[in-house]
Amino acid sequence: KQWYQRRVAITAGIVAGLASLLYLPLQLLMSYSSCVVLTSILLNNSLFYVNSLMLFKLSRLFGLSETKSYQAALLYTLNPASIFLSVGYTESLFSFFVILGLLIREADSQLYFLCFSLATGVRSNGLSLAFFILYDHILNMIKSGNFLIVNFVCMVIQTCISIAPFFWFQSHLYKLYCNNATNTNGSTWCQNELGISYGYIQSEYWGVGLLNYWQAKQIPNFLLAAPMFILVIAIMIDEAARQFKNFKDLRASYEHTDYSNFTFLLTVCNFQLAGYLHLAALTAVGLLTMHVQVVTRFLVANCPYLFLYCTKFERPMSRIVLCYFVVYCVAGTVVHSTFYPWT
C-alpha cells in the first residue's frame, strides 16, 4: 500500500510515453526498465544542452547583452543542482517546457500556456506557472483599460488548460484505486471529496506541511540549502534598490509633466516583475513547507529567470555566486553519485 501511494505522488508524464516508444524497437535487446533508464539519461542530457541554448535566447529577449546572456547560459550549465538535470530525474524535461514557454511569451505569443500545460504534465510544480498567465492577462487589461468579458474568458481558459494535466492525473488515480465498491486499498485520500491524493501523500509519507521540517535535527539540511536562500534574498534586495533608483529618476523626469505614482507602477509592473514574484513565492513555499534540502533543484527547475538575475550582480558578488555554483556543481556530482543525500 505504501509503495503504490508513494509512487502515485510522482506524475508519470511524458517520460513513460517516450520510454514506451523507444522500447518498441529495442524490446529484444533490453527490458522495459532498462529502456526507461536509457531514455531518461539520453533525454535529460540532451535537454540540459538545449535548455542552455534556449536560456541564452531568453536572456537576449529579456534585454541582456550578448555577454550577459552567455553568462546566464554558463551559470545554468554550472548550476548547483546540475546533477539532477543529467540523471534520471524529470527536472530537465520540466525546465525545458518552462523555458520554452517563457521564450514564446517573450516573443509576444499567447501560446506559451501550452508549454506550461506540458510542464504540469511532467511535474506538479507546473501548477505555479499559472501565475504567469494570470499576471500577464491582468496586466494587459489594466494597461489597455480593456476589461471585456472575452479577455477574462481567455484568461480563464488558458489557466485551466495549464493546470489540467495535474487534475487529469489525479482523476485517473482516483478511478484506478478508489472508484470501486469495496475500496480494498483502504486509502484515506479516497475519502477526499475532490479525490486528490497529492496533498495527503506528501503529508503522510514525506511530512510536507507548514513548518513541519523546522526541527533541530534538520539544521544541517537548512545549512545545505542556505546559499540558495541567501542568493534569492540578494536578488530581491538588488532589484528593490534598482527599482527605487528608477522611481527617483522617473519622478525627476516627470517633474514638469502630468505624473502620477500609477504611471510608475505600470512601468515597474511589467512581465519581468512576475519572474521576481514567482521566485520569491516559491522560495517562501520551499522554506516554510518543503524538505528544505530540495529547494535548490526546485528553484533551478522552476525559475529560469534566476540565472538572468544573477548576471546583474557586480563584483565581488558575481564572483561569489560563480564560486557557489561551481562548488555545489562539483560536490553534488560526487555526493549524489556515491548515493549520499544532496540538495
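The structure presented is a predicted model; accordingly, all values stated were derived computationally and were not measured. (Residues numbered from 1 in each chain as written. Predicted model: local features only at pLDDT ≥ 70, side-chain atom pairs only at ≥ 80, totals over all residues. Heavy atoms only, no water.)

Undergrad: Before we go on, may I ask you to explain the side chain of S59 in this structure?
TA: The topology assignment puts S59 in helix α3 (residues 32–62). Setting aside its immediate chain neighbours within four residues, S59 contacts L64, S69, A72 and L308. (Helix = DSSP H or I, 4+ residues; strand = E, 2+ residues; numbered from the N terminus. Contact = heavy atoms within 4.5 Å.)

Undergrad: What's the story with the side chain of T90 in this structure? I'm lost.
TA: Along the chain, T90 falls in the loop between α4 (66–77) and α5 (91–106). Taking relative accessible area as the criterion, T90 reaches 17% and is therefore assigned buried. (Buried < 20%, exposed > 50% of the residue type's maximum accessible area, 1.4 Å probe, protein only.)

Undergrad: What am I meant to see in the packing of helix α7 (residues 130–144) against helix α12 (residues 271–289) here?
TA: Angle between the axes and distance between the axes: these two values describe a pair of packed helices. Look at α7 against α12: their axes get within 10 Å of each other, and the N-to-C directions meet at 145°. Handedness of the crossing formed by α7 with α12: right-handed. Between α7, through F131, F132, Y135, D136 and L139, and α12, the contact on the second element is made entirely by F271, L273, A274, G275, L277 and H278. Looking at the contact of α7 with α12 residue by residue, the class counts come to eight nonpolar, two polar and one charged. (Axes fitted to C-alpha atoms, helices over the stretch in contact; angles between N-to-C directions. Left-handed = near helix turned anticlockwise from the far one by under 90°. Nonpolar A, V, L, I, M, F, W, Y, C, P; charged D, E, K, R; others polar.)

Undergrad: Help me understand the packing of aromatic side chains in this model?
TA: Think of a pair of aromatic rings as described by two things: how far the centres are apart, and how the planes are tilted against each other in angle. Summed over all chains, the structure comprises 19 aromatic pairs. Ring centres of F62 and Y305 lie 5.5 Å apart, and the angle between their planes is 40°; on these two criteria the pair is classed as tilted. With a gap of 243 residues between them, F62 in helix α3 and Y305 in helix α14 (residues 305–310) connect regions that are remote in the sequence. You'll find F62 and Y305 in the same group, each marked buried. Judged by centre distance (6.1 Å) and plane angle (25°), the ring pair of Y305 and Y309 falls under stacked. Taken together, the residues span about one helical turn, with Y305 and Y309 both in helix α14 at a distance of four residues. Given a relative accessible area of 2%, Y309 falls into the buried group. An aromatic cluster is built from F48, Y76, F307, Y324, F325 and Y328, whose rings are joined through pairwise contacts. Geometry around F271 places R105 over its ring, the cationic atom sitting 4.1 Å from the centre. Over the face of the ring belonging to F84 we find R297, whose NZ or CZ atom lies 4.4 Å from the ring centre. (Phe/Tyr/Trp six-rings, centres within 6.5 Å; stacked < 30°, edge-to-face > 60°. Lys NZ or Arg CZ within 6 Å of the ring centre and 35° of its normal.)

Undergrad: In this structure, what is going on with the pattern of salt bridges? I would like to understand it.
TA: Opposite charge on two side chains lets them pair, provided their charged atoms get close. A full pass over the atoms with the stated rule returns six salt bridges. Residues E91 and R123 are paired through a salt bridge, measuring 3.5 Å at the closest nitrogen-oxygen approach. Within this pair, whereas E91 is found in helix α5, its partner R123 is found in the loop between α6 (112–122) and α7, the two being separated by 32 residues in sequence. Residue E91 is classed as buried on the basis of its relative accessible area, which comes to 2%. For R123, a relative accessible area of 22% puts it in the partly exposed group. (Salt bridge = Lys/Arg side-chain N within 4 Å of Asp/Glu carboxyl O.)

Undergrad: In this structure, what is going on with unusual backbone geometry? I would like to understand it.
TA: Where the residue is not glycine, phi is negative for most of them; where a peptide bond is considered, it is trans in most cases. Along the chain, R315 connects to P316 via a cis peptide bond; the corresponding omega equals 5°. Look at D108: it is not a glycine, yet its phi comes out positive at around 65°. With phi around 65°, L211 is a residue other than glycine that occupies positive phi space. Assignment of secondary structure puts L211 in the loop between α9 (198–206) and α10 (219–253). Residue class for L211 comes out partly exposed when judged on its relative accessible area of 43%.

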